[in-house]
Amino acid sequence: MEFKTLETSYDGKKFRIEEDYPEVGSYLYVYEGEKCIKDYLQNDIETCKQMALENFGVPLDKWLVKK
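Bear in mind the structure is a predicted one, so any value in this text is a computation, not a measurement.

1. Some details on the packing of aromatic side chains
Consideration 1: Per the counting criterion, the structure on display carries 4 aromatic pairs.
Consideration 2: When the centroid spacing of 4.9 Å and the interplanar angle of 85° are considered together, the rings of Phe3 and Tyr21 count as edge-to-face. Taken together, the residues Phe3 in the segment before strand S1 (5-10) and Tyr21 in the loop between strand S2 (13-19) and strand S3 (26-32) connect sequence positions 18 residues apart.
Consideration 3: For Phe3, a relative accessible area of 29% corresponds to the partly exposed category.
Consideration 4: By relative accessible area, Tyr21 is classed as partly exposed at 42%.

Quick look at the structure:
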């Protein structure tokens, strides 16, 4: 199974979403420079995007799939 990773930068911070197995969920990481300052486990990628929007103002259309 191949997992998706999405990234974006917004308001001086870097954001990363890493997909895991469905029974685990997806992780949202928030970085200042190279330091991870927050991490959240959510049910799926879309919930992570919504959390980034609500908590940090990250627009939903800013996310890019990392290859």
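And the narrative resumes.
2. Re the nonpolar core
Inside soluble globular proteins, nonpolar side chains tend to come together where they are buried.
Consideration 1: Counting residues in hydrophobic clusters, the biggest one holds 12 residues: Leu6, Phe15, Ile17, Leu28, Val30, Tyr40, Ile45, Cys48, Met51, Ala52, Val58 and Trp63.
Consideration 2: Secondary-structure elements contributing two or more residues to this core are S2, S3 and helix H1 (45-56).
Consideration 3: By residue number, the principal contributor to this core is H1, which donates 4 residues.
Consideration 4: Contacts of Tyr40, omitting those with residues within four sequence positions, involve Ser26, Tyr27, Leu28, Val30, Met51, Asn55 and Phe56.

3. Focus: the pattern of salt bridges
Consideration 1: Inspection of the entire model under this criterion finds 6 salt bridges.
Consideration 2: Between Glu18 and Arg16 there is a salt bridge, and its shortest N-O distance comes to 2.6 Å.
Consideration 3: Put simply, Glu46 and Lys49 hold a salt bridge, and the shortest N to O gap is 3.6 Å. Taken as a pair, Glu46 and Lys49 lie in helix H1 at a separation of 3 residues, close to a single helical turn.
Consideration 4: Given a relative accessible area of 52%, Glu46 falls into the exposed group.

4. Here's the deal with the sheet that holds strand S4 (residues 35-42)
Consideration 1: Reading across from one edge, S4-S3-S2-S1-S5 is the order of the 5 strands in this open sheet, with antiparallel pairing throughout. The open sheet has two free edges, formed respectively by S4 and strand S5 (64-65), since each of these has just one partner strand.
Consideration 2: Note that S1 and S5 share 2 bridges and pair antiparallel. Across the sheet, Glu7 pairs through a bridge with Leu64, a residue of S5.

Calculation rules
- Residues numbered from 1 in each chain as written.
- Predicted model: local features only at pLDDT ≥ 70, side-chain atom pairs only at ≥ 80, totals over all residues.
- Heavy atoms only, no water.
- Phe/Tyr/Trp six-rings, centres within 6.5 Å; stacked < 30°, edge-to-face > 60°.
- Helix = DSSP H or I, 4+ residues; strand = E, 2+ residues; numbered from the N terminus.
- Buried < 20%, exposed > 50% of the residue type's maximum accessible area, 1.4 Å probe, protein only.
- Core = buried A, V, L, I, M, F, W, Y, C linked by side-chain atoms within 4.5 Å.
- Contact = heavy atoms within 4.5 Å.
- Salt bridge = Lys/Arg side-chain N within 4 Å of Asp/Glu carboxyl O.
- Pairing = 2+ DSSP bridges.

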